[in-house]
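Here is what each chain is made of, one letter per residue.
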Number of protein chains: 4
Amino acid sequence: MKQAVFLIQSPDRKGLVSGITTFFYRNGFNILHCQQYTDTCEGEYYMRVRLDLSDMELTRKQLEDDFSAFATEYGFRYSVYYLDQPQRVAVLVSKTSHCLYDLLTLNQEGELPCEIPLIISNHPDLEHVADKFRVPFFCCPIVNGDKASQEAQILELLERHLIDLVVLARYMQVLSNGFTERYPRRIINIHHAFLPAFQGGNPYQRAWERGVKMIGATAHYATAELDEGPIIEQDVERITHEADPAELKHIGSGIEKRVLTRAVRAHLEHRIITTGRRTVVFSR
Amino acid sequence: MKQAVFLIQSPDRKGLVSGITTFFYRNGFNILHCQQYTDTCEGEYYMRVRLDLSDMELTRKQLEDDFSAFATEYGFRYSVYYLDQPQRVAVLVSKTSHCLYDLLTLNQEGELPCEIPLIISNHPDLEHVADKFRVPFFCCPIVNGDKASQEAQILELLERHLIDLVVLARYMQVLSNGFTERYPRRIINIHHAFLPAFQGGNPYQRAWERGVKMIGATAHYATAELDEGPIIEQDVERITHEADPAELKHIGSGIEKRVLTRAVRAHLEHRIITTGRRTVVFSR
Amino acid sequence: MKQAVFLIQSPDRKGLVSGITTFFYRNGFNILHCQQYTDTCEGEYYMRVRLDLSDMELTRKQLEDDFSAFATEYGFRYSVYYLDQPQRVAVLVSKTSHCLYDLLTLNQEGELPCEIPLIISNHPDLEHVADKFRVPFFCCPIVNGDKASQEAQILELLERHLIDLVVLARYMQVLSNGFTERYPRRIINIHHAFLPAFQGGNPYQRAWERGVKMIGATAHYATAELDEGPIIEQDVERITHEADPAELKHIGSGIEKRVLTRAVRAHLEHRIITTGRRTVVFSR
Amino acid sequence: MKQAVFLIQSPDRKGLVSGITTFFYRNGFNILHCQQYTDTCEGEYYMRVRLDLSDMELTRKQLEDDFSAFATEYGFRYSVYYLDQPQRVAVLVSKTSHCLYDLLTLNQEGELPCEIPLIISNHPDLEHVADKFRVPFFCCPIVNGDKASQEAQILELLERHLIDLVVLARYMQVLSNGFTERYPRRIINIHHAFLPAFQGGNPYQRAWERGVKMIGATAHYATAELDEGPIIEQDVERITHEADPAELKHIGSGIEKRVLTRAVRAHLEHRIITTGRRTVVFSR
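Everything numeric here is computed off the predicted structure, so don't read it as measured data.

Some points on the domain arrangement of chain A
All names here are of chain A. Entries for chain A in the domain assignment read domain 1 (3-82) and domain 2 (87-281). Centre-to-centre, using C-alpha coordinates, domain 1 lies 31 Å away from domain 2. Listed as interface residues are 11 residues of domain 1 and, on the opposing side, nine residues of domain 2. Buried surface at the junction of domain 1 and domain 2, both sides included, amounts to about 780 Å², of which 60% is carbon and sulfur. Sorting the residues of domain 1 by area buried against domain 2 places Leu7, Tyr46 and Arg48 first, and these three jointly supply 49% of that buried surface.

Spelled out as structure tokens, the structure:
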């Protein structure tokens with residue numbers, strides 16, 4: 001997969017598409033996929049370009065330097081990713097296994113393009129799942145309520161393993177601002193409710209009490225504000241009065257796992273640009 | 001349609017189903033449809049029975065007296081409805097026509113079993129819709145901010161026309177407690193968001209700002225607390241970042257009309273029992 | 001709305017995006033929306049460009065001539081539409097009104113950008129609907145089984161009224177090949193099943209007999225092969241064993257009307273390119 | 001879980017509900033859940049009763065004898081199951097792992113109430129999955145095209161392990177009539193298309209070629225007629241023209257696994273009664 005993905009964001013103006021696509025054409029690249037979105041409410045332009053690099057005569061360093069100069073001239077922001085460099089993902093869990101299982105099995109089936117060098121938990125319960133898939137498991141409990149030390153331990157693990165993306169797969173601790181700021185737009189959380197409904201704890205019980213007729217789940221980037229980060233993916237299922245809180249939890253688990261893996265997949269394929277509290281998620 | 005529907009609610013206890021079904025059997029009725037639900041969280045039992053009255057030897061008065069005595073003995077609450085007595089529905093609107101059109105066309109196609117003797121609005125804009133379907137249209141504007149007088153006017157219209165059910169089909173005024181208490185569990189409102197997300201005004205704009213990936217609508221009984229009444233029906237549709245607030249409104253309109261008509265249909269077919277903030281909605 | 005839409009189709013090759021977008025840029029146009037799709041299975045490239053014409057210095061004739069020369073040089077096919085020229089739509093119906101009502105009300109609410117100068121039917125039943133919306137109604141019954149004459153009558157009506165698009169809104173006659181070939185990719189039909197399941201007649205009854213757990217509807221371009229034309233839009237709803245054929249029909253009606261209006265809207269907004277039996281439907 | 005489930009089927013007639021519920025009441029049982037369905041098209045009545053056996057004074061043998069006599073008197077068919085007797089499930093697979101993983105993980109999480117004493121495959125590929133979950137794996141390849149011997153081998157395994165239910169979790173061989181007749185209504189298959197569309201092989205490729213806008217999966221009981229058995233559960237997802245056959249397969253895998261596990265769960269909870277080609281699937 002000698003391919004590169006450019007994610008570009010710029011105030012909208014005439015000639016942008018023409019300029020960028022001509023840049024790639026002149027340098028001999030074939031554009032495999034070009035996706036655009038103009039936010040007319042805020043006058044902002046977003047672009048995702050996937051390039052074939054197989055015949056590239058430049059080095060990647062040259063390509064980046066040239067494009068960087070070009071971007072400065074036009075005044076837009078961008079980032080570039082290479083698809084032959086798989087990202088390294090750490091999964092954080094607590095006691096619930098369904099999201100973890102789904103991530104690991106999809107990864108093993110080759111459907112989630114990343115490496116998962118470690119699983120971290122504040123509880124020992126899910127070590128057996130990690131063992132099944134031969135992924136190192138680190139148990140970092142919170143001792144005597146000292147969350148700062150525990151987070152420091154986790155951060156050290158993340159750095160030592162050169163982690164690109166942190167996935168909170170039903171990790172039931174709120175991360176400190178200090179933690180989330182170390183991995184901006186690189187921590188994905190799954191909330192077991194259809195945000196912004198039922199922010200905070202115990203959503204299935206509260207959904208039952210409120211008598212809603214559909215329940216859902218939301219994957220979003222974790223930020224300093226709990227459950228307020230940019231939403232990546234959501235899904236719901238219809239329920240009836242017959243579903244009690246335990247059944248809601250069962251149904252919800254199915255939604256959670258598919259919502260989380262879709263969001264992680266979108267991130268790993270570099271299909272997401274965030275803008276304030278919103279995300280632009282390009283299709284596959 | 002010589003049929004009756006009994007809606008029954010009782011603390012759960014042994015022998016209830018047997019007792020009730022035997023009552024009907026001994027009196028010679030054929031049970032066409034019997035639906036039950038036991039709320040094990042709260043120990044409460046709910047039943048809907050649809051009876052064939054075509055061979056009934058008793059008068060309806062006698063049936064009701066006998067059943068009433070039986071209910072007192074067993075200690076349960078109930079209500080009874082006859083399907084050959086169509087309910088009378090008043091539709092309240094403001095300036096938006098999609099829900100009104102859907103109610104009127106379904107009614108005309110024979111898919112909404114009720115009479116609609118009048119449409120009431122606080123604006124003159126939708127008189128042409130009422131005219132098309134030959135339904136009397138009453139414009140009750142709020143003059144000099146005197147909402148109390150306006151509501152009194154509306155209440156008088158509802159009483160004079162012997163209204164059983166009030167449908168707020170995008171009526172953009174908040175009703176006073178005095179009003180909602182006059183028609184408990186007999187006012188259905190459509191909220192243009194997926195409650196409890198985005199309670200209050202301007203939900204599509206707020207949904208866009210929050211960057212949700214699905215939008216929805218909620219039909220619920222109006223109560224004194226705004227947007228807090230028991231939910232009858234909800235639905236959602238998937239959206240992408242490309243949908244701006246105007247497009248959300250367009251998509252939302254489609255959801256609103258189908259959610260509202262489904263809820264009204266469930267009410268007219270006596271398939272709903274409310275219990276606190278929750279509804280039991282039996283299937284057709 | 002001084003805007004133009006270009007729909008472009010070409011064998012995929014390097015430089016295409018750059019070439020086209022540069023053409024528009026050099027001629028001073030602002031690209032409001034540019035959407036692309038590369039069918040890598042068949043090596044074909046599709047593009048939809050929406051242009052702002054408000055500052056255009058060329059005449060439309062000049063623009064078309066220039067672009068035509070450019071297309072010939074590059075060897076691609078295209079078509080161009082102007083959004084200030086509303087299309088003229090004829091609706092064909094039989095006895096069922098729900099799709100017709102939905103088209104007419106959406107059109108009146110300004111949500112379906114077209115003119116509807118006439119409604120044609122093989123039965124007199126729905127004249128009252130046409131009357132409500134003040135649209136001329138033409139009844140063209142099939143007399144003595146002479147379908148050829150009836151179709152000739154309809155075709156004459158379509159031509160005299162300069163019809164751009166024919167919508168079969170539950171028109172229950174199969175059109176002859178001669179008819180469909182006169183309006184290639186300009187006749188949209190709604191099939192009341194989830195194609196290719198239940199092609200042909202009586203789909204709700206057959207769906208009930210087959211015991212499916214979801215029913216649907218399909219909007220497609222009508223071609224010589226019955227129910228085989230390119231699919232534009234589909235939707236489904238979940239059902240249970242409790243829904244009898246009559247209830248399936250009721251639920252299905254709701255699906256049919258929203259599927260048909262979505263498809264018609266996509267066509268009217270020039271968001272569809274057909275390729276063999278498939279359609280590329282660009283998002284709004 | 002000292003509970004019993006009775007599944008009852010009978011021509012509809014007056015007094016049936018009353019008779020059955022009174023039978024249980026007189027014998028001192030508490031009905032925990034009673035669900036009914038009257039198929040008015042075919043005049044057939046279906047009932048599912050879940051009983052609390054915790055205070056039972058009869059032996060199970062006595063209960064069954066009494067109920068059997070009662071059923072003979074009333075002339076209805078029934079079957080009875082005890083929830084403290086978990087069913088034994090064999091999973092048959094070929095090379096694709098997603099459905100197998102989902103069954104095993106749900107089972108381990110306690111969400112699929114059964115025992116899985118063995119996995120059988122015609123290929124060795126998925127032994128590693130069985131190993132992870134410590135389930136014996138039997139590889140029964142078809143040698144020299146001798147399918148009869150292979151099926152005999154599998155049938156022997158099923159009998160020796162006292163299997164109640166066979167789950168075809170993407171087992172890519174068509175079973176002989178002789179095989180399916182040995183386990184009537186006890187073999188559940190997942191078909192990777194929205195039946196009856198795309199019966200037979202290669203559905204994702206054919207779905208792409210037909211240009212459908214939604215793809216789905218269907219779980220059904222296997223019968224002698226390929227892909228014609230009674231449908232238990234279906235689900236779909238919306239797709240666009242952008243999804244190529246490989247992406248359809250990816251999306252489809254997610255649908256397949258949730259459809260199959262829902263169907264298996266319904267069977268294990270004794271919520272299904274089959275009637276000809278249809279299933280009555282009671283809610284949880």
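Points about the interface of chain D and chain C
At the junction of the two partners, chain D supplies 39 residues and chain C supplies 39 residues. At the junction of chain D with chain C, the criterion picks out six salt bridges. A salt bridge links Arg238(C) to Glu233(D), with the shortest nitrogen-to-oxygen separation between them at 3.2 Å. For the side of chain D that touches chain C, the secondary structure elements donating two or more residues are strand 2 (30-39), helix 7 (203-210), strand 11 (231-238), helix 8 (245-268) and strand 13 (278-281) of chain D. When residues in the side of chain D that touches chain C are grouped by element, the largest group, seven residues, is from strand 11 of chain D. Of the residues that constitute the side of chain D that touches chain C, the class distribution is 17 nonpolar, seven polar and 15 charged.

Some words on the pattern of salt bridges
Evaluation of the coordinates by the stated rule reveals 92 salt bridges over all chains. Across the pair Arg210(B) and Glu228(A) runs a salt bridge, and its minimum N-O distance is 3.9 Å. One end of the pair, Arg210(B), is in helix 7 (residues 203-210); the other, Glu228(A), is in the loop between strand 10 (214-221) and strand 11 (231-238), on a second chain. Since its relative accessible area comes to 3%, Arg210(B) is described here as buried. Taking relative accessible area as the criterion, Glu228(A) reaches 26% and is therefore assigned partly exposed. Two residues, Asp84(B) and Arg60(B), come together in a salt bridge whose shortest N-O distance is 2.7 Å. Residue Asp84(B) is found in the loop between strand 4 (77-82) and strand 5 (87-93), and its partner Arg60(B) is found in helix 2 (residues 60-74); the two are separated by 24 residues along the sequence. Since its relative accessible area comes to 21%, Arg60(B) is described here as partly exposed.

Describing the environment of Ser97(B)
Tracing the chain through its elements places Ser97(B) in the loop between strand 5 and helix 3 (98-108). A distance of 2.6 Å separates the side chain of Ser97(B) from the side chain of Glu109(C), its partner in a polar contact.

Quick notes on the sheet that holds strand 7 (residues 137-139) of chain D
Residues and elements named next belong to chain D. If you walk across this open sheet you meet the seven strands as 7-6-5-8-9-10-11, and the pairing is mixed. Edge strands, defined here as strands with exactly one partner in the open sheet, are strand 7 and strand 11. Taking each pair of neighbouring strands and ignoring which way they run, the sheet shows an average axis angle of 20 degrees. Bridge count between strand 8 (residues 165-168) and strand 9 (residues 187-191): three bridges; the pairing is parallel. Within strand 9, the residue paired with valine 167 across the bridge is isoleucine 188. Running at roughly 160 degrees to strand 6 (residues 114-121), helix 3 (residues 98-108) makes contact with strand 5 (87-93), strand 6, strand 8 and strand 9 of the sheet.

Quick look at the relation of the copies chain C and chain B
When chain C is fitted to chain B, the best match, at an RMSD of 0.0 Å, comes from turning it 180 degrees and sliding it 0.0 Å along the axis. A rotation of that kind, with that shift, is consistent with a two-fold axis. Taking the C-alpha atom as reference, chain C places Lys132(C) closest to the rotation axis, 2.6 Å from it.

Some points on the relation of the copies chain D and chain C
Once turned by 180 degrees and shifted 0.0 Å along the axis, chain D lies on chain C with an RMSD of 0.0 Å. Interface residue correspondence from chain D to chain C reaches 100%, placing this contact among same-surface, isologous pairings.

Thoughts on the packing of aromatic side chains
Counted under the stated rule, the structure contains 70 aromatic pairs over all chains. Ring centres of Phe67(B) and Phe76(B) lie 5.7 Å apart, and the angle between their planes is 55 degrees; on these two criteria the pair is classed as tilted. You'll find Phe67(B) and Phe76(B) in the same group, each marked buried. Seen from their ring centres, Phe23(C) and Phe67(C) are 5.2 Å apart, and the 75 degrees between their planes marks the pair as edge-to-face. One end of the pair, Phe23(C), is in helix 1 (residues 16-26); the other, Phe67(C), is in helix 2 (residues 60-74), and 44 residues separate them in sequence. Each member of the pair, Phe23(C) as well as Phe67(C), is classed as buried. The rings of Phe6(A), Phe23(A), Phe24(A), Phe29(A), Phe67(A), Phe70(A), Tyr74(A), Phe76(A) and Tyr78(A) are connected pair by pair, giving a single aromatic cluster. Its end group placed over the ring of Phe133(D), Lys132(A) keeps NZ or CZ at 5.1 Å from the ring centre.

Quick notes on the pairing of strand 9 (residues 187-191) of chain C
Residue and element names in this part refer to chain C. Counting buried positions along strand 9 yields five of five residues, so the element is predominantly enclosed. Of the crossover connections in this fold, the one passing from strand 8 (residues 165-168) over helix 6 (residues 177-182) to the parallel strand 9 is right-handed. As defined by bridge partners, strand 9 adjoins strand 10 (residues 214-221) across four bridges and the pair is classed as antiparallel. Residue pairing for strand 10: isoleucine 188 is matched across the bridge by tyrosine 221.

What about the interface of chain C and chain B?
Between chain C and chain B, the contact holds 23 residues from the first and 23 residues from the second. Of the roughly 2,000 Å² buried where chain C meets chain B, counting both sides, 39% is carbon and sulfur surface. Between the two partners, chain C and chain B, sit eight salt bridges. Note that Arg262(B) and Glu237(C) form a salt bridge whose closest N and O atoms lie 3.1 Å from each other. Where the side of chain C that touches chain B is concerned, the elements lending two or more residues are strand 2 (30-39), helix 3 (98-108), helix 4 (127-132) and helix 8 (245-268) of chain C. Counting residues per element, the side of chain C that touches chain B draws most heavily on helix 8 of chain C, at six residues. Split into classes, the residues belonging to the side of chain C that touches chain B amount to two nonpolar, nine polar and 12 charged.

Some details on the environment of Trp208(A)
Tracing the sequence through the fold places Trp208(A) in helix 7 (residues 203-210). Since its relative accessible area comes to 7%, Trp208(A) is described here as buried. Taking the C-alpha atoms as reference points, Trp208(A) and Val89(A), 119 residues apart in sequence, are found 34 Å from one another. If near-sequence neighbours (up to four positions away) are discounted, Trp208(A) is found in contact with Ala243(A), Asp244(A), Pro245(A), Leu248(A), Asp39(B), Cys41(B), Glu42(B) and Arg278(B).

A few points about unusual backbone geometry
Residues Leu195(B) and Pro196(B) are joined by a peptide bond in cis, for which omega reads 5 degrees. Looking at the secondary structure, you find Pro196(B) in the loop between strand 9 (187-191) and helix 7. Its identity as a non-glycine residue notwithstanding, Arg134(A) has a phi of 55 degrees, on the positive side. By the secondary structure assignment, Arg134(A) is in the loop between helix 4 (127-132) and strand 7 (137-139).

The rules behind these values
- Residues numbered from 1 in each chain as written.
- Chains lettered and ligands numbered in written order.
- Predicted model: local features only at pLDDT ≥ 70, side-chain atom pairs only at ≥ 80, totals over all residues.
- Heavy atoms only, no water.
- Domains from an automatic or database assignment.
- Contact = heavy atoms within 4.5 Å.
- Buried area = accessible area lost by both parts, 1.4 Å probe.
- Salt bridge = Lys/Arg side-chain N within 4 Å of Asp/Glu carboxyl O.
- Helix = DSSP H or I, 4+ residues; strand = E, 2+ residues; numbered from the N terminus.
- Nonpolar A, V, L, I, M, F, W, Y, C, P; charged D, E, K, R; others polar.
- Buried < 20%, exposed > 50% of the residue type's maximum accessible area, 1.4 Å probe, protein only.
- Polar contact = N/O pair within 3.5 Å; in protein donor to acceptor, adjacent residues only side chain to side chain.
- Pairing = 2+ DSSP bridges.
- Axes fitted to C-alpha atoms, helices over the stretch in contact; angles between N-to-C directions.
- Least-squares fit on C-alpha atoms with pLDDT ≥ 70 in both.
- Phe/Tyr/Trp six-rings, centres within 6.5 Å; stacked < 30°, edge-to-face > 60°.
- Lys NZ or Arg CZ within 6 Å of the ring centre and 35° of its normal.
- Right-handed = clockwise from strand over helix to strand, strands pointing away.

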